[in-house]
Amino acid sequence: MSTDVETTTLHHWIGGAPDATPAERSGEVTESATGAVVARVPFATAATVDRAVQTAAAAAAQWRESSISTRSKVLFAFRELVNAHRDELAAIVTREHGKVLSDAMGEVQRGLEVVEFACGVGEILKGDMTPGVSRGVDSYTMRQPVGVMAGITPFNFPIMVPMWMHPVAIACGNAFVLKPSEQDPSVSLRVAELWAQAGLPAGVFSVVNGDKEAVDALLTHPLVDAISFVGSTPIAQYVHATGSAHGKRVQALGGAKNHAVVLPDADLELAADGLVSAGYGSAGQRCMAVSVAVAVGDVADPLIARITDRIAVLKIADGTEPDADMGPLVSERHRARVAEYVDAGVAEGATLLVDGRALTVEGREGGHFLGPTLFDHVKPGMRIYDEEIFGPVLVVVRAATYPEAIDLVNANAFGNGAAIFTNDGGAARAFEQDVTAGMVGINVPIPVPMAYHSFGGWKASLFGDVHIHGPEGVRFCTRAKVVTRRWPDPSHRGVDLGFPTAG
Ligand code: NAD
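The sections below set out a description of the structure shown in this document. Remember, it's a predicted structure, so these values are computed and weren't measured experimentally.

**A few points about the nonpolar core**
In this structure, F78, W164, W195 and F205 are the most contacted members of the largest nonpolar core, which totals 67 residues. Of all the elements, helix α6 (residues 160–171) adds the most residues to this core, at nine residues. When residues of this core are sorted by domain, at least three fall in each of domain 1 (8–254 + 461–483) and domain 2 (258–442). Aside from chain neighbours lying at most four places away, what touches F205 is W13, H166, I170, F176, L178, S188, V191, A192, W195 and L200. Within the second largest apolar cluster, 64 residues are counted, among which are L268, V296, I311 and V361.

This is how it looks when you write it as structure tokens:
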């Protein structure tokens, strides 16, 4: 359904200003709660990407020379501006993505924490020094900027995921070119304005809108030095392979199928609260959503009873309604895809306990809504178990014992996050040590690291070596250099063709 709303025409952000070069191709951005088209987004050609990258490369050459105190002043100013505009930024996210306002506010807050981490640029860029590695000789390590970094980001966290990347990249002295999701791009253009207002020199932060054509232009551009990608697994794999083949440093975070194991001794009220919050928050469109509950022993029936009680009282509504718990999915296409998974689950013999397919929201009949959905008796080999659904669909798998449960989690192709609910410290420690996932929750369903730790998965959830933001993000955004130096003094012993050794 389309309602009568004004459709804005978006632009790129190049050289510190809007770039409204007429687009050969463009896409529609919808308001997820109504289905109305609210913006047209231009799709950058390789020529537009080239202009952005050339501008970024020129800006990077200057920015790397800026003092730590100049960078930290800009970062602190940016932090204040994001904080002052948090309501406005969250409202833009809710409109295009559909998540409820409180969730969008949470996303802004998590992004802000990365900016705050980057404000400590003087601390995070400190090197190491060893005086006297030989007589009169010192050795030290420094980290220097990589150059031009590009970020390619998904629809599901339109402000937070880019903020995992650009504050750290910029603090480290790089220029950054962002290619946000074409499904909800507006907030990135507002963030670009805030960077400019904070005093960031033109060209250090740019936004190119677009789709595969823009991504390919970034992956192959000779002046792009590093790529951070977050999105689905097939595209992550493609980005990693293509960017690496073109000589770039690449970190590519992919999809997820996060399991939460519930042991018989767990606090079932805590577990049910966690599963419903993490399963249906943001309509399941979080990379850290719990999509599989592994019920161990005889815990399934009492756990499911508690989950269904909680689902029954969730309010599914336009995300702008203050008491809404869950909003719509991002697009009609995605809603239809999630509904097809539910059809497949039924066809493959899983037990459908709660069916969200028929849900409509009064007054929002054109919105992309699908209600919370719950399956029991799900098994590996079913599509609803093997594949990432990325919607409000929680599946319960029954396991007889803890070893059976951990084997199931570790056999899964994805390894973003995994959680365990138990009051047994020994079982929790065994899980923490043995599970093949990058982020682990113990009685915590969404184990999202804070900004000062790093974020990332294992297996098909990450291609590349390092996690994002935090200390690993600093390493990704910088190159190490080791200096060994001597100043001429009387200890210098003249010509010596031997291999230099300490002494
Ligand atoms: P997506 O892979 O469809 O898109 C991500 C980005 O890649 C977008 O900017 C898009 O324009 C671009 N893209 C899409 N198709 C492309 C192609 N063929 N060639 C080149 N570029 C292409 O992902 P999405 O649907 O926007 O986001 C949801 C996915 O992101 C889920 O799989 C989710 O698990 C994942 N995700 C992962 C994390 C994590 O930390 N691992 C975080 C958030 C989201």
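**Looking at the packing of helix α3 (residues 86–97) against helix α7 (residues 186–197)**
Contact pair α3 / α7: the axes reach a minimum separation of 9 Å and the direction vectors enclose 160 degrees. When the axis of α3 is compared with that of α7, the two are roughly antiparallel. You can see that α3 and α7 cross each other, and the crossing is right-handed. Residues E88, L89, I92, V93 and E96 of α3 pack against S186, V187, R190, V191 and L194 of α7.

**Topic: the site of the ligand**
In the region of the ligand, 26 residues are neighbours, and K179, E182, S232, G254 and E388 sit closest. A distance of 3.0 Å separates an oxygen atom of the ligand from a polar atom in the backbone of F155. Contact distances for the ligand include 2.6 Å between an oxygen atom and a side-chain N or O atom of E388. In isolation the ligand has 850 Å² of accessible area, and contact with the protein removes 88% of it. For the shell around the ligand, the secondary-structure elements that each account for two or more residues are α8 (212–220) and β11 (226–230). For the shell around the ligand, a count of residues per class yields 14 nonpolar, eight polar and four charged. The two domains that each donate at least three residues to the shell around the ligand are domain 1 (8–254 + 461–483) and domain 2 (258–442).

**Quick word on the sheet that holds strand β6 (residues 128–134)**
Taken in spatial order, the three strands make up an open sheet running β6-β7-β23, and their pairing is antiparallel. Both edges of this open sheet fall to β6 and β23 (478–486), since each of them pairs with a single strand only. Strand-to-strand twist across the sheet, computed as the mean angle between neighbouring axes with direction ignored, equals 25 degrees.

**Some details on the sheet that holds strand β15 (residues 351–354)**
Taking strand neighbours across the sheet as the criterion, the seven strands line up as β15-β16-β17-β14-β13-β19-β20 in an open arrangement whose pairing is mixed. Taken across any chain shown, the strands that pair with only one partner, and hence form the sheet edges, are β15 and β20 (439–442). With direction set aside, neighbouring strand axes in the sheet form an average angle of 20 degrees. Of the pairings in the sheet, the one linking strand β13 (residues 258–262) to strand β14 (residues 290–296) comprises five bridges and is parallel in character. By the bridge assignment, V261 is partnered in β14 with V294.

**Points about the pattern of salt bridges**
With the rule as written, the count across this model stands at 29 salt bridges. R95 is the salt-bridge partner of E31, the closest N and O atoms lying 3.2 Å from each other. Of this pair, E31 sits in the loop between β4 (25–30) and β5 (37–43) while R95 is found in helix α3, placing the two residues 64 residues apart along the sequence. In this structure R95 comes out as partly exposed when scored by relative accessible area, which is 36%. Between D216 and K212 there is a salt bridge, with the nearest N and O atoms lying 3.0 Å from each other. Taken together, the residues span about one helical turn, with D216 and K212 both in helix α8 at a distance of four residues. Linked through salt bridges whose partners overlap, the residues forming this network are E269, D273, R306 and R310.

Parameters at a glance
- Residues numbered from 1 in each chain as written.
- Predicted model: local features only at pLDDT ≥ 70, side-chain atom pairs only at ≥ 80, totals over all residues.
- Heavy atoms only, no water.
- Core = buried A, V, L, I, M, F, W, Y, C linked by side-chain atoms within 4.5 Å.
- Buried < 20%, exposed > 50% of the residue type's maximum accessible area, 1.4 Å probe, protein only.
- Helix = DSSP H or I, 4+ residues; strand = E, 2+ residues; numbered from the N terminus.
- Domains from an automatic or database assignment.
- Contact = heavy atoms within 4.5 Å.
- Axes fitted to C-alpha atoms, helices over the stretch in contact; angles between N-to-C directions.
- Parallel < 35°, antiparallel > 145°, perpendicular 65-115°, else oblique.
- Left-handed = near helix turned anticlockwise from the far one by under 90°.
- Near = heavy atom within 4 Å.
- Polar contact = N/O pair within 3.5 Å; in protein donor to acceptor, adjacent residues only side chain to side chain.
- Areas by Shrake-Rupley, 256 points an atom, 1.4 Å probe, with all protein chains shown as cover.
- Nonpolar A, V, L, I, M, F, W, Y, C, P; charged D, E, K, R; others polar.
- Pairing = 2+ DSSP bridges.
- Salt bridge = Lys/Arg side-chain N within 4 Å of Asp/Glu carboxyl O.

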